[in-house]
Amino acid sequence: METINWSDLSFSYIPTDYNVRCYWRNGEWGELEVSSSEYIPMHMAATCLHYGQEAFEGLKAFKGKDGKIRIFRLDENAKRLQSSCDSILMQRLPVEKFKEAVIKAVKLNERFVPPYESGASLYIRPLLVGTGARVGVNPADEYLFLVFVTPVGPYFKTGFKPTDVCILREFDRAAPQGTGNVKVGGNYAASLRSGAIAHEKGYTAVLFLDSKEKKYLDECGPANFFLIKGNQYVTPASNSILPSITNKSLMQIAEDMGMEVVRRRIEVDELAHFEEAGECGTAAVISPVGKVDDIDTGKSYVFSKDGQPGKVCEQLYKTLRGIQYGDIEDKYGWVTVL
Ligand code: PLP
Ligand code: COI
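Along each chain, residues carry numbers from 1 onward, in the same order as the chain's sequence is written. Here the convention is simple: chains get letters from A, ligands get numbers from 1, in the order in which they are written. Predicted model: local features are reported for residues with pLDDT of at least 70 only, side-chain atom pairs are reported and counted for 80 or more only, and whole-chain, interface and lining totals are derived from all residues. The side-chain quantities take in all heavy atoms of the structure and omit both hydrogens and water.

(A) Spotlight on the site of ligand 1. In the region of ligand 1, 16 residues are neighbours, and Tyr-188, Glu-219, Ser-244, Thr-246 and Thr-282 sit closest. Within the backbone of Ile-245, an N or O atom sits 2.8 Å from an oxygen atom of ligand 1. Where accessible areas are quoted, they stem from the Shrake-Rupley method and a 1.4 Å probe; at the residue level, only the protein chains shown are allowed to cover. Compared with its free state, where it exposes 380 Å², ligand 1 has 96% of that area covered by protein. Helix and strand definitions here come from DSSP, where helices need a minimum of 4 consecutive H or I residues and strands a minimum of 2 consecutive E residues; each element is numbered from the N-terminal end. Among the elements of the structure, α5 (245-256) and β15 (276-281) are those that each provide at least two residues to the shell around ligand 1. Three residue categories are used. Nonpolar comprises Ala, Val, Leu, Ile, Met, Phe, Trp, Tyr, Cys and Pro, charged comprises Asp, Glu, Lys and Arg, and polar comprises the others, including Gly. A class-by-class count of the residues in the shell around ligand 1 yields six nonpolar, six polar and four charged. Near is defined per residue: the residue qualifies when any heavy atom it owns lies within 4 Å of the molecule or strand. Within 3.5 Å is the distance limit for a polar contact, defined as a pair of N or O atoms, with the added protein rule that one can donate a hydrogen and the other accept it, and that residues adjacent in sequence qualify only through two side-chain atoms.

(B) Region of interest: the environment of Gly-132. Counting through the fold element by element, Gly-132 comes out in the loop between β7 (121-130) and β8 (143-152). The classification of residues rests on relative accessible area computed with a 1.4 Å probe and restricted to protein chains. Under 20% of the type maximum is buried, over 50% is exposed, and intermediate values are partly exposed. On the basis of relative accessibility, which here comes to 3%, the residue Gly-132 falls in the buried class. Each C-alpha atom, one on Gly-132 and one on Met-42, is 8.8 Å from the other, the two residues being 90 residues apart in sequence. For Gly-132, the residues in contact, after removing those within four places along its chain, are Ala-45, Ala-46, Thr-47, Ala-140, Asp-141 and Glu-142. Note on definitions: a residue-residue contact is assigned when non-hydrogen atoms from the two residues lie within 4.5 Å.

(C) Spotlight on unusual backbone geometry. Positive phi outside glycine occurs at Leu-89, with the angle close to 55 degrees. Within the secondary structure, Leu-89 is located in the loop between α2 (74-87) and α3 (95-108). Taking the relative accessible area as the measure of exposure, Leu-89 reaches 57% and is therefore exposed. Of note in this structure, Val-285 is not a glycine but carries a positive phi near 50 degrees. In this structure, Val-285 sits in strand β16 (residues 285-294).

(D) Inspection of the site of ligand 2 at higher detail. Close to ligand 2 lie Phe-11, Phe-56, Gly-58, Tyr-123, Arg-125, Tyr-155, Lys-183, Tyr-188, Pro-222, Thr-282 and Ala-283, which account for all nearby residues. Take Lys-183: an N or O atom from its side chain is 2.7 Å from an oxygen atom of ligand 2. Residue Ala-283 places a main-chain N or O atom 2.8 Å away from an oxygen atom belonging to ligand 2. Isolated, ligand 2 exposes 280 Å² of accessible area, and the fraction of that covered by the protein chains is 90%. Looking at the shell around ligand 2 residue by residue, the class counts come to seven nonpolar, two polar and two charged. The two domains that each donate at least three residues to the shell around ligand 2 are domain 1 (6-152) and domain 2 (163-325). Here the limits of each domain have been adopted from an automatic or database domain assignment.

(E) Representation of the domain arrangement of the protein chain within the structure. Looking at the assigned domains, one finds that the protein chain contains domain 1 (6-152) and domain 2 (163-325). Taking only C-alpha atoms, the centre of domain 1 and the centre of domain 2 are 26 Å apart. Contact with domain 1, which involves 27 residues of that partner, is made by 20 residues of domain 2. Counted as salt bridges are all cases of a side-chain nitrogen of Lys or Arg within 4 Å of a carboxyl oxygen of Asp or Glu. Counting across the interface, domain 1 meets domain 2 through one salt bridge. Two residues, Glu-76 and Lys-248, come together in a salt bridge whose shortest N-O distance is 3.1 Å. For the pair domain 1 and domain 2, the number of links is 11 residue pairs in polar contact (both at pLDDT 80 or more). Those elements that provide at least two residues to the side of domain 1 that touches domain 2 are β4 (54-56), β5 (59-63), β6 (69-72), α2 and β7. The greatest single-element share of the side of domain 1 that touches domain 2, amounting to six residues, is contributed by α2. Of the residues in the side of domain 1 that touches domain 2, the class split is 10 nonpolar, eight polar and nine charged.

Structural data, given as structure tokens:
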């Protein structure tokens, strides 16, 4: 195997040994298949290619001090994939099949799980695509579920250091009654252009507002958003954001820290009243936000003046990572130990 510098990994694709596949054909899911090919042979009229019949997931496996591998919140990702399937009329994958495939993919690629000391992890990417041929806009009659894995470091280069995000009011990520609350590829295609503009301007991400009124906070392109004020953990309630499993976990951790957890609509101007802000997600873990610039209004909301994360973000981060790596007791059964 080529040498991997585990401590220096970024969030990018590194080939691993195997991926796991499963096909829906003739009205049923087949057996799990193991492949060492990085390619998918596909019909040119497959619905995923034309009509975006595609959903994916993202979860991680961690190697603990004890050498054991832990997968974080496997069940939750399995269930969320089902809701994505329902949303765009794809065949649902049974939760057990999802879990079996993920565990198999991790075990087959065990040598790619980064060592504990590196602080890196194995990113797991399940995807489910319509492969049946259609020319009219209709759901496919055949589907492929696939799981690949790749070792990763931090999503944002700076790791656990504050980065700046911006509001670009001329762009929407998802419509209010659209597919913003599920993990389908189209949402990400819709965020690419604004994301590129944000990067050009020196921001790591766009903080999207609600598409209807442009008044309330939604989420960032690849992560949910939360705010801290005194003893409160506040995160947007919205129909058009992805129900983040990391955010759900952080809400529980915050509650256990004695904080009051509030999910509500948050007006943009309220940003001025908060002390800390962060993005959260499987890839982003917690990425503290240094400031939010509202490009069109010229308003700037600062959360970190010294380039350091806030105290609450730090405590949340340490607890979450502690549970994931097996250093802190997993009292809610979030972790599947292999
Ligand atoms: N929001 C979006 C748009 C995402 O792509 C992700 C990543 O999965 C998240 C939020 C965070 O979700 P989770 O914590 O389940 O990874
Ligand atoms: C994740 O955090 O798993 C994501 O899917 C975010 C991004 C890489 C799309």
